[in-house]
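Each chain is listed here by its residues.
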2 protein chains.
Amino acid sequence: MTRWKLIVEYDGSGFSGWQRQAHAFSAQQALEDAVFAFSGERVTLHVAGRTDTGVHARANVAHMDLEKKTDGETVRDAVNYHLRPHHVSVLAAEEVSEEFHARFDARWRSYRYRILCRRAPPALEAGRVWHVRKALDVEAMREAAAILIGHHDFSTFRASACQANSPMRTLDQLDIWLDEEREEVVLATRARSFLYHQVRNMVGTLALVGGGQWTLDDFREAFAACDRRAGGPTAPAQGLAFWEVGYDSSA
Amino acid sequence: MTRWKLIVEYDGSGFSGWQRQAHAFSAQQALEDAVFAFSGERVTLHVAGRTDTGVHARANVAHMDLEKKTDGETVRDAVNYHLRPHHVSVLAAEEVSEEFHARFDARWRSYRYRILCRRAPPALEAGRVWHVRKALDVEAMREAAAILIGHHDFSTFRASACQANSPMRTLDQLDIWLDEEREEVVLATRARSFLYHQVRNMVGTLALVGGGQWTLDDFREAFAACDRRAGGPTAPAQGLAFWEVGYDSSA
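Please read these numbers as outputs of a predicted model, since none were measured by experiment.

Thresholds applied
- Along each chain, residues carry numbers from 1 onward, in the same order as the chain's sequence is written.
- All chains are assigned letters beginning with A, and all ligands numbers beginning with 1, in the order in which they are written.
- Since the coordinates come from a predicted model, pLDDT governs what is reported: local features require at least 70, and pairs of side-chain atoms require 80 or more to be given and counted, while whole-chain, interface and lining totals use all residues.
- Derived side-chain values reflect all non-hydrogen atoms in the structure, with water molecules and hydrogen atoms excluded from consideration.
- Type-normalised accessible area, obtained with a 1.4 Å probe on protein chains alone, sets the label of each residue: buried when under 20%, exposed when over 50%, and partly exposed for intermediate values.
- Note on conventions: DSSP H or I runs of at least 4 residues are helices, E runs of at least 2 residues are strands, and numbering of each starts at the N terminus.
- Strand pairing follows a simple DSSP-based rule, namely that at least 2 bridges must link the two strands.
- Whether two residues touch is decided by their heavy atoms; if any such pair falls within 4.5 Å, the residues are in contact.
- Side-chain atoms alone can form a polar contact between residues adjacent in sequence; in general such a contact is a pair of N or O atoms within 3.5 Å, and within protein one must be able to donate a hydrogen while the other accepts it.

Novice: Would you mind showing me how to read the pairing of strand 3 (residues 56–66) of chain A here?
Specialist: Two faces, one strand: in a regular strand the side chains alternate between the faces of the sheet. Residues and elements named next belong to chain A. Within strand 3, nine of the eleven residues are buried, leaving the element largely enclosed by the surrounding structure. As judged from the eight bridges shared by strand 1 (residues 2–10) and strand 3, these two strands associate in the antiparallel manner. Of the residues in strand 3, the one forming a bridge with Leu 6 is Ala 62. The pairing of strand 2 (residues 46–47) with strand 3 spans two bridges and is classified as antiparallel. Note that in strand 3 the partner of His 46 across the bridge is His 63. Note that strand 3 and strand 10 (residues 240–246) share two bridges and pair parallel.

Novice: It is not clear to me how the environment of Arg112(A) should be interpreted in this structure. Could you clarify?
Specialist: All names here are of chain A. Relative to the assigned elements, Arg 112 resides in strand 5 (residues 108–117). For Arg 112, a relative accessible area of 25% translates into the label partly exposed. Residues Arg 112 and Arg 190 lie 78 residues apart in sequence; the distance between their C-alpha atoms is 9.0 Å. If sequence neighbours within four positions are ignored, Arg 112 has contacts with Trp 177, Val 186, Leu 187, Ala 188, Gly 239, Leu 240, Ala 241 and Trp 243.

Novice: Can you help me understand the side chain of Asp11(A) in this one?
Specialist: Tracing the backbone shows Asp11(A) in the loop between strand 1 and helix 1 (27–39). Of note is the side chain of Asp11(A), whose polar atom sits 3.4 Å from the side chain of His56(A). Setting aside chain neighbours within four positions, we find Asp11(A) in contact with His56(A), His87(A), Arg128(A), Ala123(B) and Leu124(B).

What is shown is where atoms sit, not what they do.
What follows is the structure, encoded as structure tokens:
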């Protein structure tokens, strides 16, 4: 038996999220079916970032076990062959130790969120960005974001369906910048792990500050309330992409 | 009567090119239908870049005449409202002089072409890039591209269906660079006008040099032959985007 680490990219538009479901088509199912077509083995993929419907992935990481003797280039190319025409792709397949776990060994995860700030709706980037019809105050959003860095109770940004034991999380990074060429505000965030909908809830609330509906004090109070009802709306899924996951160098 | 200049963005995947056709859905038809829904007027749009099926547009320019008295923001927003759910968007609408012609007044047009260079097929950028499975030698491609700059006979890169009077064109720019993060080779080119399929034929032939199948001398000879049969293949439509068009500042 060999354990394989897969780096996977997918367009979230075509899937009901990462996780296999009975009556909907998921990225997990597309990949597991392609692995079966290649190997004849029914595997279960374990993934670092279990993304929601419509959320994209640039470099998510999953692992699986195969009895078949093969090599990484063959796994990558053969699985990709059987994945067509679905918009999911194995960027790399690497043999790892049997102790490696894509989800539990992850030291950090990062996400990016794109907000298109202009009147005209997106044509080329439809399904990839959140369309807000006005400019956002990036400097104000940065000041608010700085409040979130560090170890805090993130209940204000935690979806009610969240199954985590604790609302405490440590946010390592939340950078925000304006991409003038694309008329986009981009948010990049990193943490060991995130609560359910945490990124989208942070973005939706920061957009209230950027749009001038909320002051910095409003934001600070909402965060301190540790209550989801105090937070802003959940930003739409399509603007979000799972970006990268980090492991110890030994993994 | 008012003449309107429209800047339009579209995803070429959903259209049989720019130009209205009897039995296929074009970007021109989507826009003209939306203008009719807004104004009740049947207009004909004249465009700077008549793109092929699958070719995208970031900022193409078209003009039309309307009897209706209105303003630019209303034109933009109302046409966009009626364009849904098609992936075409009016970025700006501006009143111009009745002498302005989007096609004949264009002083230069620019295009970009994206080549994804990696084994794994594109998932997030499917339909936006040409997928070649190996790295390309960008330096060699640049040397070949330099040969094309200036006033030349471009017959080697001219599709047989081209209706231009002359194969002579002046190529002002053909920059090529590697976007390492995206694993893409990007080509940016600019000229007053291009022959039919000229950009895609130049890219397909430059890729032969980048891939090592052709030497710089092979490329030079093919260009000097002034014969389409001497050139390389036509690069696929989906990697190409009409980028920008320039007018005199008075237009």
